[in-house]
Each structure stands twice: as structure tokens, then as C-alpha cells.
Amino acid sequence: MVPRSELRNKSAVIGNTLKRVRATYSEPQLGSQIKTQTNQENFFVNNIAPRYALLVDQEYCTGCQSCAIACQQEHQYPAGKSGVRVTEHIYPGNDDKPQIDFEPFFTVICDLCAERRAKGTDTVPACVRNCQAKCIEFGDAEKLIKSAACMKRPALYLK
Amino acid sequence: MTTNDYDRVERTTVWSPGPGCHGGCGVLAYMKGDKIVKIEGDPCHPWNQGRTCSRLLAYTQFLNHKDRILYPLKRAGERGSGEFTRITWDEALDEIETKFKRFRDESGAESVIFVQGTGRDINAPLTFLTYAYGSPNLSQLGLSGQSCYTPRITGSCMTDGTLTVADCSQFFEKRYDDPRWECPKYIIIWATNPTVGCPDGFQGHWVIDCMKRGSKLIVVDPRCTWATSRAEYHLQCRPGSDGAVALGMINLILENEWYDKEFVEKWTMGIDKLRERAAEYTPEQVERLTWIPKEVLFEATMAYAANRPSAIHWGMPIDMNPEATSVAQAISMLWCLTGNFDIPGGNVAARGAFGIAMWPINQAQVLTEYGEDFLTKINEKRIGAKEYPYVANTRLYIQPDLAVEQMLTGDPYKIRGMWIQTSNMLGGNSADINKHHKALMNMEYNVFVDLFHNPTTMAVADIILPAACFTERNTIRVWHTPAQIVRKLHEPLGDARNDWEINFELARRFNPEIARKYSTVIDFFDEKLRPSGYTFQELIDRGGWVFEEDGVSVPYRRYETGLLRADGKPGFQTPSGKVEFYSLNHEEWGLDPLPWYREPPESENSTPELMKKYPLVMVTGRRSPVYFHAEHRNIDWLREKDPFPLVEVNPKVADALEIKDGEWCWIENERGKIMRKVKYNISMNEKCVSVPHGWWAPEEKGNAPHYYGAWKYNCNKLVLSQVGSSSGYGGGAYKTVPVRLRKMEPGEVFDGPEVGITK
């Protein structure tokens, strides 16, 4: 048996990608005063930021289906039902070269793995933890908007 | 019960039954009592750093599947009847022991062939059993030319004496944070789609980790993939022309003086002869052979050669080139010429942690482990060793195309029995499945070790032993590093047993010396692990894995320190001790010492008349993220994601044939026809169709003549079975199959002549 504390400690020394993913996320504070600079940002932050979000870098989603099956396993959904579905896109891209992209689509039944997080199994949903490309992040929207700025092709899913 | 209702988390490593794959990933099993409620990747494991593939995430469905074979079965009706009776382990093992001993007494141990599939946890237990029995005939039978990694391993060894892999920091525990490592500037992804499969002990998504750290991609692939969409250069080659691509690149590197002069001067031989040979592969000639515009080849080659460090990650289609060993020889010259050999971020020599070899992989190791008499004895009778120098001198596999002929003809000696473990030959890898079916029917006794019924067990099995899944078994994995354990987390379901236990028990019965030497499999594991300083149990207690801190498996520049040669001298494990651009082994064995290009046996250049009749090149074997070869079609969560046996075709080609997206159509050539569901794909080359392999339908009837639809869907029915390479390894023509598509008329059903074969 591996004590949870050991998992945490050990994870800190292995790989920088890992550190970022294993960071714990604070609960967003509803209605808290957030310092803003412009009216436009003020509107955005006050209305949208105090929410959870999933942030995907579409540049790196490889269509591996791990998010979808992690979700099905977590919730014990039968085949056909999932909180996330992976879609393939094949289309003419830049200079008309064939472009092949994949996209995790979060369905209405996605509950952000409420039980998983509430029971302390993990700090993030199953799809985020098991994503092979490590291209999904979870947290409060305000923080993720900043992360999105560093991504190649970010897509923010507000929940 | 929810998946968050568990009483403990157990850590292990995954390898084989379950995900089926080549393994290596750290796993956390969330358990309640004896049950696994959930399984995920271990974020602390350096190999996968928490990432988890779809097949592992669906593991509970695999483990607890209602159709799993949980008890030894003995055939009750005729072969093909699908009638089996449950027997006990004692009955099963006694019967196998009696039969195999009789074959050995009457016809010699060589009359039994021992068969494996791909690189699951099988090479070691199978070799152990084969040699305990005394048979020289070990094989991935069915796989034409042994065309999976063996040609790349053996061919590249002619150049630099070792197997190398793209350096994605996998040899260090701290991975990307280890200061010794450097990120490759370019990664050439050659004939593989790494994020979809994790071939050959290489976690595919490591490539993404490198991309995030700055690596750019050059991709050599006839198909367009996720990776080609992100590549700086896509060398879209004609299937089967990889040898010409490599020689064209060598020519450009030499002609433009892009090579690493210091390295070449000090550590290599034969560059002048190579220069002469490569000069035959002018950019114009290469464009004609490969379809790659010469400007693209020029720029991509320059990018690779001018940016050190850069790495090459290569895939199985290289082994399926005609003369594949020569192609591997040529590609390995690229990393040697450009000074990318065993440097940070280049191609590094791949050694098992602490130098541990779980089984003898080549002749030298058999010599050490089993002695000279044994080696001489197995080389005398080994199928293909007389005819083919690579079979005689490199790895220990037989030549499988000759073997299947011999099973049919009994010449030069009769084959009587088969031991088939982790292989579904007829639903999976066999080229020309009709021929292989006949050959297997010709056998007196076929033993299988497997987890589910499949087309092969249904068609030819006489006895089936139930194998255990990975959480039900103990084993060790040293491929390449770290040394890691897979441990038993709960009792096996039913009477399933660890492959290791099965083979160990029979090995003891076949060879009393083994019974004297080891009392349990764990004794054997402990002996193997000795160089690490850990026993099996100590490695479990340590957390499951250990990296070598300083030694043979730790890169870099080991040619300077003598770690690459058996005698400990600096240099390379080749006859000259140098990188050989002109292979002295080849010279001695009567093979061309320099790399050369050979046209596929059926192609626009070698059989233009045939191509008029069958104008499309069927490229089989594109990977699915949810399947491992012929497995997992019965796992609901996985099947849902990729439900049909497809043919991917350019809409322009399909339109001309009046075939619509989503329709079923025929794919046919002179060897037969199969049916597939059409998927329009605008990225497909108009001269090729892509056809995923390993398709059979577990939901259909298993008995003859149905065999779960293998004869309807398995594309390998259309593949030529013949020796395709003068070395003996490589050349399975799975990627270069001339076919035509034909619209399926209303009311037309599958009624091929092949269905109904039961004798």
C-alpha cells in the first residue's frame, strides 16, 4: 500500500511537467473582490472567472481516447455514455495541407469528477490526470485564462 | 460501490495481458478487498509520469470479461467445431508433457515449433521453455520475414553493433530534468505513428514531451497523421520505398559534406565505398522511386544533419520493406554520419539496466548461458539457418516463411506439434491466412496459451491453457531501463495462471536440471536481478523500479569508455571495432556489404501489369489508439471508440468507384477478397488505401466456417507469404499489397471460396 503523502512527495521530484499537473487547485471564491484594470476585464472576471474550467491545448490532443475512458471508468458509465468524447477533424489546413486534429468535447453530464475530488482520491478530474498528451488542465477559470496565454491553441471550457 | 470507494492503492507496473502492450508504465490500482475498482497511471513513475492509455483504463472490463477463458480446455469435437471441455491443470500438463516428450523421442525436439506474438512479456518465458525442451525452433510464426523489430535490430547492428533508440531522456530517473539530457532539435519519426502505438519499449507520448520542449518533427510516412500535421517536413513516401529514402539522404549528406567529420574520421570505416554506392541514389532517382519531391528531401535532410542533436524514432514498416535489414543498416548510418550516435538528444545505445538480459537475445548470449554444444545443436536444425545468414548468425528466431512451407511439406523434417502463446495467428499477423490455416491443420497437436477464444483457437487448438492478467501475476521487466517489477495484486480469476508459472512448470518436466536449479520462478527472477543488488521482494519494497546510476545502461558516448564492447575496449561491437559503413559481417556472409534498395515484390515498378488490374496499394496495419493488434474488439469501452473494420480511402478514388462514405465494400486481389467499411479521408494518398489490421469480430460465430469473421475482415488474407529478404529477416509485404476496391451490390454477401475450410 502506498500512503498518499508519499505519492505527493515523490511526485515533486520527477519531471517538471508533472509538477504543474499535480499542483493543487484552490476552490474559487464566489463573489470575492478581484482587482481588475479595465471595465471589460472587470465584467469578464466578475461574471465568468469564479467558475471551474477545463483548458485544452488543441495543438497537443492526439486523440488517444484516454480522457473518455478514464471518465467512463471513474463513473462506471456503460459504453456510449461519457462526460467527454473525442472528435477527429481531418481538413485542409495551412497551404491546403491535410490537417488532422483531435478535440475532447465535454458533454452535459461532465460533473468535473465531483466525488473523486470530494473524497480526496485526487485533486483533478480523471480525464486531466490520465491525459496522455497532458493537454488538459483543470482549475478556476481566472487562473486558467492566464495559462491559456502560454498555449499554442487553447480552448477554455467553462463549467 | 463507486470507484472512489477503495481501501488501498497498490503500485505495480503494467506489462501484457490487459492492455496487451509492450509495457513499462507505472500503475496505481485502487483496490477494495480482492477487487480492483479502478486503475490509473502512476504519476510518480518516470516512464509514463501518470499518463495512461485507453486499454489500461479499460482494464477492469478486460480482467472481468464474461468470455475470459478461466480453466484449461481440451477440444471435444472436430477441429473447428468450437467444442471444448474443461479439464484440470494436472490433466492438461500431463497430456502436453506426454505428447511433447513422444514427439521429442520419435522425431527430435525440432519437431515442435514454439510460437509467440509481439513483445509482450513472452520472449523470456517462451525462450526458457523452448530451450528446456530442446527445440531450436522459436518464432513469431505467421509474421512473414519475422518483420517486427528483428530486422531493425539486426540490420542496424551491422553498422554500429548495437540497438539504438531516440533519446527522450528515458534512461534517467529524473527524465527531462536530468542535466545530462538535451532535447533533440529534430526528431525524425520514420514509419510510425508514435502517439497511437507505443512500439518497442518506447512510450509514444514522449515525443510530445520533447515537442513541448522545442523538438521539431520530420515525418517519413505515406499517410497523413496527427504527427505529419505538426511536422516541419513530411516526406510522404511510396509504401516500401524507405530504403531509397535513406540512401537518398545518405547521398545528400555525403555530397554536401554535412557529416560529422571528426566522428567519421575517428570512429568509422568504409565511408568512401558508401559514398560510391550512395551516389547511385541521386535526388532525381530517389524522387522517382519514393514520390518525395527532391526539394523536400533536400531540405529535410539538411535540417536533420545541420541540427545536432537530432534523433530518429523508427517503426515496424521499416521491417516490412523488402531487404529490410539493408534499410535498417542504411538508416542507422544516418545517426552515425551526423554524429548523433549515443549523444544527449541523439540516438542512444539501448541497454538493459545493469546489463540484465532476461533471455538470450542473440547467439553470443546463448553461448554464455547454454554453452557451445547447445548453440551448435540448435543451429544445425534451426529452420532457415542453413539458407539465410542472419538466421544463422544474429537472433535466434527461425525463418517463418520457410517454416510454414515445412509444416506443409515435411521437408527437410516433419513438424508435428505447436506451442502457441500470445499469438492469434489467423486473426492477426499471418500473411496469407489460408496457407497458415492449412499448415496448422497439418499439425498433430496444437497447444495454446491465451485469455480469450479467437479465430486461431477455434480453428486449430487441441488444448488451451488460461493465462493470467497482469495484476494476477509476478514478473520482471528490464526493457530497457529501469529494472522494474510487475507484481501479483490479487489471486487470478478461476484457474488462470501466469505464463511464467506455466512455462516454468513444463520446463521442469522437460528438463530435470531446471527443477534442480530453481524451486520457484521467484528464484529465477532473483538470479536475473542479481546485478541490480535487489531481489524481487526488495524491488517491490523499494517501490517497484530501480535505475542504474552509473554503468552499461547509462548514456552517453559509451564507445569512448568501452561499455559497448564485450571485451571492454573502446569502440563498437563490430568486426572492425568501428562503425562500419561497409559491413565486414555482410562480406563474410556473402551479402552486399553496402546498403541497397530493393523494389517491393509487387509494385508499380516490379509488376506493372498486375498494378493495372489492382491499382491501389493497400497499406495495412495503421494503429488504433484503443486496440493492440488483434486484441480488445470485445471490450465495450474500447470497441465503442473504433467499432468497424475500416478501409480509409480518398473520396476522389471512392467516388470514381461509386463507393460512398460509410458503405461496406470489397477489397480484393488474386489471393482473395475481404469486406470493409469505407471511411472517406481527404488526407489519403490517391494511390493508396489504409487498412487497419487484426480485425475479427468476437460477437460473430466462432466455429467453422465463421471463425469470428476472420476470413471476412482480416486484410492479411490478401498479403503475399514468401521470403522477402536475402538476409532471411524482413520483407513481409504487408505494406505493399496491390488491391482494387469494388462496390458491394445490394444483396451481395460474403461467400468467398475460403469460407468453409475445415480440413
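Rules of the game
- Residues numbered from 1 in each chain as written.
- Chains lettered and ligands numbered in written order.
- Predicted model: local features only at pLDDT ≥ 70, side-chain atom pairs only at ≥ 80, totals over all residues.
- Heavy atoms only, no water.
- Helix = DSSP H or I, 4+ residues; strand = E, 2+ residues; numbered from the N terminus.
- Buried < 20%, exposed > 50% of the residue type's maximum accessible area, 1.4 Å probe, protein only.
- Contact = heavy atoms within 4.5 Å.
- Areas by Shrake-Rupley, 256 points an atom, 1.4 Å probe, with all protein chains shown as cover.
- Domains from an automatic or database assignment.
- Buried area = accessible area lost by both parts, 1.4 Å probe.
- Axes fitted to C-alpha atoms, helices over the stretch in contact; angles between N-to-C directions.
- Parallel < 35°, antiparallel > 145°, perpendicular 65-115°, else oblique.
- Left-handed = near helix turned anticlockwise from the far one by under 90°.
- Nonpolar A, V, L, I, M, F, W, Y, C, P; charged D, E, K, R; others polar.
- Salt bridge = Lys/Arg side-chain N within 4 Å of Asp/Glu carboxyl O.
- Polar contact = N/O pair within 3.5 Å; in protein donor to acceptor, adjacent residues only side chain to side chain.

The secondary structure content of chain A amounts to seven helices and five strands. Along chain A, helices (α) and strands (β) appear in the sequence α-α-α-β-α-β-β-α-α-β-α-β when read from the amino end. Counting the 159 residues in chain A, one finds 51% classified as buried. Sequence separation of 24 or more characterises 60% of the internal contacts of chain A that already satisfy a separation of 6 or more. Accessible area for chain A stands at about 8000 Å²; split by element, carbon and sulfur atoms hold 53% of it.

Residue and element names in this part refer to chain B. You can read the domains of chain B as domain 1 (8–63), domain 2 (73–139 + 358–474 + 494–524), domain 3 (150–351 + 556–589) and domain 4 (608–719 + 729–743). The centre of domain 3, based on its C-alpha atoms, is set 31 Å off from the matching centre of domain 4. Opposite the 20 residues of domain 3 that make contact, domain 4 presents 19 residues. When the two sides are added together, the surface that domain 3 and domain 4 hide from each other amounts to roughly 1600 Å², 70% of it contributed by carbon and sulfur.

This part covers the packing of helix 8 (residues 242–255) of chain B against helix 11 (residues 283–290) of chain B. All names here are of chain B. Two elements in contact, helix 8 and helix 11, have axes whose closest approach is 9 Å; the angle formed by their N-to-C orientations is 165°. Judged by the angle between their axes, helix 8 and helix 11 are roughly antiparallel. Between helix 8 and helix 11 lies a crossing whose hand is left-handed. Two secondary-structure elements touch here, helix 8 through A244, V245, G248, N251 and L252 and helix 11 through P283, V286, L289 and T290. Of the residues contributing to the contact of helix 8 with helix 11, the split by class is six nonpolar, three polar and no charged.

We now examine the interface of chain B and chain A. Taken together, the contacts link 56 residues of chain B with 57 residues of chain A. Of the roughly 4800 Å² buried between chain B and chain A on both sides combined, carbon and sulfur atoms contribute 51%. Summed over the three residues of chain B that lose the most area to chain A, namely N4, K212 and W637 of chain B, the buried surface amounts to 13% of that side. Counting across the chain B and chain A interface gives five salt bridges. With a closest N to O distance of 2.8 Å, K679 of chain B and E88 of chain A form a salt bridge. There are 28 residue pairs in polar contact (both at pLDDT 80 or more) connecting chain B and chain A. Elements supplying a minimum of two residues to the side of chain B that touches chain A: strand 1 (8–13), strand 2 (26–32), strand 3 (35–41), helix 1 (54–57), helix 6 (206–212), helix 7 (226–229) and helix 27 (636–639) of chain B. Residue contributions to the side of chain B that touches chain A peak at five residues, all from strand 3 of chain B. Here the side of chain B that touches chain A is built from residues that sort into 22 nonpolar, 17 polar and 17 charged.

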